[in-house]
Amino acid sequence: KLFHHVLLMNDGELVWAGPAERMLNHFESASFPCPLDANPLQFFVNLSTISHHSPQEKTVTSTRVELLKEAYRACDYFKEVCSELGTQVQTQSQIRSFTSHPSSDGEEESKDPYERPSALTKLRILTERAMLNTIRTRSAVFARAFQLPVLALVLVFFFTRLGSGERSIQDRNGLMLETLVEISLASAVTAVTLCPPLRDLYDRESSEGMYSSSLFLLSYYIHTIPFTAISSVLWTCIIYL
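Residues numbered from 1 in each chain as written. Predicted model: local features only at pLDDT ≥ 70, side-chain atom pairs only at ≥ 80, totals over all residues. Heavy atoms only, no water.

Enquirer: Sorry, what's going on with the overall build of the chain here?
Expert: Looking only at helices and strands, the chain features 9 helices and 2 strands. Going residue by residue from the N terminus, the α and β elements of the chain occur as β-β-α-α-α-α-α-α-α-α-α. A burial count over the chain gives 28% of its 241 residues as buried. Sequence separation of at least 24 residues holds for 54% of the intrachain contacts in the chain that already meet a minimum separation of 6. Total accessible area on the chain is roughly 16,800 Å²; 61% of this is exposed by carbon and sulfur atoms. (Helix = DSSP H or I, 4+ residues; strand = E, 2+ residues; numbered from the N terminus. Buried < 20%, exposed > 50% of the residue type's maximum accessible area, 1.4 Å probe, protein only. Contact = heavy atoms within 4.5 Å. Areas by Shrake-Rupley, 256 points an atom, 1.4 Å probe, with all protein chains shown as cover.)

Enquirer: So what exactly am I meant to see when it comes to the side chain of Ser219 here?
Expert: Considering the arrangement of structural elements, one finds Ser219 in helix 9 (residues 213–240). Not counting residues within four places of it along the chain, the set of residues in contact with Ser219 comprises Leu123, Leu126 and Thr127.

Enquirer: Sorry, what's going on with the side chain of His223 here?
Expert: For His223, the location among the structural elements is in helix 9. Beyond its immediate stretch of four places on either side in the chain, His223 contacts Thr127, Ala130, Met131, Thr134 and Arg144.

Enquirer: Any chance you could explain the packing of aromatic side chains here in plain terms?
Expert: This model, assessed by the stated rule, comprises 9 aromatic pairs. Seen in terms of ring centroids, Phe27 and Phe44 are 4.2 Å apart; in terms of plane orientation they differ by 15 degrees. Their pairing is stacked. A residue pair is termed long-range when its members are at least 10 positions apart, and Phe27 in helix 1 (residues 23–29) and Phe44 in helix 2 (residues 40–47) qualify at 17 residues. The pair formed by Phe27 and Phe44 is uniform in burial state, with each residue classed as buried. (Phe/Tyr/Trp six-rings, centres within 6.5 Å; stacked < 30°, edge-to-face > 60°.)

Enquirer: Help me understand the pairing of strand 1 (residues 5–10) in this model?
Expert: Only one face of strand 1 is covered, namely the face carrying Val6, Leu8 and Asn10; the face carrying His5, Leu7 and Met9 is uncovered. Hairpin geometry of strand 1 and strand 2 (residues 13–19) is characterised by an intervening segment of 2 residues between the two adjacent antiparallel strands and by a positive phi of about 55 degrees at Asp11. (Pairing = 2+ DSSP bridges.)

Enquirer: What exactly am I supposed to notice about the nonpolar core here?
Expert: One broad trend across soluble globular proteins is that nonpolar side chains are buried collectively. Within the largest apolar cluster, 19 residues are counted, with the highest numbers of intra-cluster contacts made by Leu8, Trp16, Met23, Phe27, Phe44 and Tyr72. For this core, the secondary-structure elements that each account for two or more residues are strand 1, strand 2, helix 1, helix 2, helix 3 (55–74) and helix 4 (76–85). Here the element with the most residues in this core is strand 2; it accounts for 4 residues. Non-local contacts of Phe44, meaning those with residues more than four positions away in its chain, are made with Leu8, Met23, Leu24, Phe27, Phe32 and Cys34. (Core = buried A, V, L, I, M, F, W, Y, C linked by side-chain atoms within 4.5 Å.)

Enquirer: What is the right way to read the pairing of strand 2 from this model?
Expert: Where a strand is regular, its side chains alternate between the two sheet faces. Burial analysis of strand 2 places 7 of its 7 residues in the buried class, the great majority of the element. In this sheet, strand 2 lies alongside strand 1 in antiparallel orientation, the contact comprising 6 bridges. Each residue of the ladder has a partner; that of Met9, found in strand 2, is Leu14.

Enquirer: What should I look at first to understand the pattern of salt bridges in this one?
Expert: It is possible for side chains bearing opposite charge to pair when their charged atoms get close. This structure, assessed with the given rule, holds 5 salt bridges. The residue Glu128 makes a salt bridge to Arg124 at a minimum N-O spacing of 3.5 Å. With Glu128 and Arg124 both in helix 6 (residues 119–136), this residue pair falls 4 residues apart, about one helical turn. We classify Glu128 as partly exposed; its relative accessible area is 42%. (Salt bridge = Lys/Arg side-chain N within 4 Å of Asp/Glu carboxyl O.)

Enquirer: Quick question: what am I supposed to make of the packing of helix 3 against helix 4 here?
Expert: The axes of two packed helices give the description: the angle between them and the distance between them. Two elements in contact, helix 3 and helix 4, have axes separated by 5 Å at closest approach and are oriented at 55 degrees. Between helix 3 and helix 4, the interaxial angle falls into the category oblique. Packed against helix 3, whose contacting residues are Tyr72, Arg73 and Ala74, the element helix 4 presents Asp76, Tyr77, Phe78 and Lys79 at the interface. (Axes fitted to C-alpha atoms, helices over the stretch in contact; angles between N-to-C directions. Parallel < 35°, antiparallel > 145°, perpendicular 65-115°, else oblique.)

Enquirer: What should I look at first to understand a nonpolar patch on the surface in this one?
Expert: There is a patch of nonpolar side chains on the surface, built from Phe142, Phe146, Val150, Val154, Ile230 and Leu234 and spanning about 490 Å² of accessible area. Contributions of two or more residues to the nonpolar patch are made by helix 7 (138–158) and helix 9. Per-element tally for the nonpolar patch: the top contributor is helix 7, with 4 residues. Mapped onto the elements, Phe142 comes out in helix 7. The class of Phe142 is partly exposed, set by a relative accessible area of 43%. (Patch = residues over 30% accessible without salt bridge, like charges linked within 9 Å, V, L, I, M, F, W, Y side chains within 5 Å.)

Structural measurements only, silent on function.
As structure tokens, this is what we get:
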């Protein structure tokens, strides 16, 4: 009810373009009815998307999308629009010819519209996204920047009375051991807390060939540098004092 007109496209071709209230009947007539408990717009967007998770799924979804394109070209609303425009357009390829830009030789330019970005561009985008997602989550910010300082305060509580005698040497050795243990423990807790969502995101996007594992890991390490620096400085100041 929030949308008056909806436009769905795939690979530059129309899957639906028209009033929102006519979408339900159109997709139902095309043998793709919307379930009663589903969000219609989300359901139709998923129908119009080609999945790359596996070769079999890509084939199935590509065939489905082609059927939806043909169903839209054959529907009454598309014919009404073509009639109002005063042209007898029957295929999407004819529509493309109206907006194509011929080259100097009179032939259409054959540029690849899906040119992949460079590795540096992918690295920048992955790093910026990781930083934004971390900042938006309070638990992630705490785990990254303030977990070690809090553990340092706990250690200070137990080692506040370090003297200068023989026993203090053993206490300092214990403090050094606890420091190594606490740092390892904090790293493990952070990994267990934050890595599973990142792993699921990587599995989904890498399966579609968006980026390599080395770029993902490099962006992960880069975005943790500010938080690691803050945490290390606070830890050192507390333990040293």
